[in-house]
Amino acid sequence: MSGILDLNGKVALITGAGQGVGRQIALHYAAHGADGVIVNDFYQERASAVVEEIKALGGKAVAATGDVTALDAVKAMVRKAEQAFGRIDILVNNAGNAGASPDPEARRPFWETGPDAWNSFIGVNFYGVINCASACIPSMIERRSGRIVTIISDAGRTGEAGLEIYSGAKAGAAGFTRAIARSLGRYGITANCIAIAATMTPPIEARLKADPEKLKKMMEKYVIRRPGQPQDVANMALYLASGASDWITGQTYPVNGGFSFSM
């Protein structure tokens, strides 16, 4: 395969890649010639399953379990990746939602909860992005090349009632990504965000299939009247990791079926 979307010679680390959007990004990258894919997940069995899928495609991959909210765990994950493939050219910050072990109070109105519940969202969606970026950027600077892609949410762009802390954490991740784009452009490193709306990851798909009326009502808010699929997001993640996006940085691309519009 050859073309502007090829990732030949590139090694990618994708966080939260054991299922859903992250899994599909990992498969997309492998299918488009990535020299190596590091599949991160909190759960070893999920990461290993995706590694086996990539190997079945003829690709190279390793599993790297670890909690992105813990900087030491992230540094260990990056060391493992560099031992396996020598470098990380592409970082995809995909791990999100309320993390691997969400506080049971996290879905209550934030003013009825406190920091423990808030940190379920802030830890993975904001600090997780900072931790992974801080571990990967120094070697990218040395090579004067790199791609950082952060998956946020339309909640971070427009706000979402009932998800105030999540919205704030995703907005923070977007602001952080814009700031590092300004800092890193001189080194040939780009940093962009993808803002997604309702996408059929396993947890969301299970909830919506259990309540078809809720799905129908939700889709009334979408110009393209279907929920997103992981491959919709993976297509944009491939574009932003490829040579097709060489002159693009500091941007947020909504992949949201027209849930909201952006200039």
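Each remark here, short or long, concerns the structure printed above.
Bear in mind the structure is a predicted one, so any value in this text is a computation, not a measurement. (Residues numbered from 1 in each chain as written. Predicted model: local features only at pLDDT ≥ 70, side-chain atom pairs only at ≥ 80, totals over all residues. Heavy atoms only, no water.)

### Side note on the environment of Met 219
Part 1 of the reasoning: Position of Met 219 among the secondary structure elements: in helix α8 (residues 212-219).
Part 2 of the reasoning: Residue class for Met 219 comes out buried when judged on its relative accessible area of 8%.
Part 3 of the reasoning: Between the C-alpha atoms of Met 219 and Gly 257, which are 38 residues apart in sequence, the distance is 9.5 Å.
Part 4 of the reasoning: Here Met 219 is in contact with Arg 225, Arg 226 and Pro 227, once residues within four sequence places are set aside. (Helix = DSSP H or I, 4+ residues; strand = E, 2+ residues; numbered from the N terminus. Buried < 20%, exposed > 50% of the residue type's maximum accessible area, 1.4 Å probe, protein only. Contact = heavy atoms within 4.5 Å.)

### So, the pairing of strand β4 (residues 90-93)
Part 1 of the reasoning: Every second residue of β4 is oriented toward a common face, with Ile 90 and Val 92 on one face and Leu 91 and Asn 93 on the other, all of them buried.
Part 2 of the reasoning: By the bridge criterion, three bridges tie strand β1 (residues 11-14) to β4 in an arrangement that is parallel. Considered in β4, the bridge of Ala 12 is made with Ile 90. (Pairing = 2+ DSSP bridges.)

### Considering the pattern of salt bridges
Part 1 of the reasoning: Under the definition given, this model contains nine salt bridges.
Part 2 of the reasoning: Put simply, Glu 53 and Arg 23 hold a salt bridge, and the shortest N to O gap is 2.8 Å. Of this pair, Glu 53 sits in helix α2 (residues 44-56) while Arg 23 sits in helix α1 (residues 20-31), placing them 30 residues apart in sequence.
Part 3 of the reasoning: The salt bridge partner of Glu 205 is Lys 209, with a shortest N-O separation of 2.9 Å. Taken together, the positions of Glu 205 and Lys 209, both in helix α7 (residues 202-209) and four residues apart, correspond to about one turn of that helix.
Part 4 of the reasoning: Residue classification places Glu 205 among the partly exposed residues on the basis of a relative accessible area of 28%.
Part 5 of the reasoning: Given a relative accessible area of 60%, Lys 209 falls into the exposed group.
Part 6 of the reasoning: Here the salt bridges do not stand alone but share partners, grouping Arg 87, Asp 89 and Arg 143 into one network. (Salt bridge = Lys/Arg side-chain N within 4 Å of Asp/Glu carboxyl O.)

### Some words on helix α3 (residues 71-85)
Part 1 of the reasoning: Compared with an ideal rise of 1.5 Å per residue, which puts 15 residues at 21 Å, α3 spans 21 Å between its outermost C-alpha atoms and is within 8% of the ideal.
Part 2 of the reasoning: Taken together, the buried positions of α3 are Val 74, Met 77, Val 78, Ala 81 and Phe 85. Viewed end-on, α3 has its buried residues packed into an arc of 95 degrees, placing them on one side of the element. Exposed residues pointing more than 90 degrees away from the buried face of α3 are listed as Asp 72 and Gln 83.
Part 3 of the reasoning: In the core, the buried residues of α3 are packed alongside β1, β2 (36-41), β3 (61-65) and α4 (115-143).
Part 4 of the reasoning: Directly after α3, the chain includes Gly 86, whose backbone phi takes a positive value near 90 degrees. (Expected span 1.5 Å × (residues − 1). Arc of directions from axis to C-beta.)

### Details of the sheet that holds strand β5 (residues 146-153)
Part 1 of the reasoning: If you walk across this open sheet you meet the seven strands as β3-β2-β1-β4-β5-β6-β7, and the pairing is parallel. Here the strands that pair on one side only, and so sit at the sheet edges, are β3 and β7 (252-255). Across the sheet, the axes of successive neighbouring strands diverge by a mean angle of 20 degrees, strand direction being ignored.
Part 2 of the reasoning: Relative to β3, β2 runs parallel, the two being bridged by five bridges. Of the residues in β3, the one forming a bridge with Ile 38 is Val 62.
Part 3 of the reasoning: Contacts from α2 reach β2 and β3, with the element oriented near 170 degrees to β3. (Axes fitted to C-alpha atoms, helices over the stretch in contact; angles between N-to-C directions.)

### Topic: the side chain of Thr 201
Part 1 of the reasoning: With respect to the helices, strands and loops of the structure, Thr 201 is situated in the loop between β6 (189-196) and α7.
Part 2 of the reasoning: Here Thr 201 falls in the buried class, since its relative accessible area comes to 16%.
Part 3 of the reasoning: Contact partners of Thr 201, with chain neighbours within four places excluded, come to Gly 20 and Val 21.

Read these as layout, nothing more, since geometry by itself doesn't imply function.
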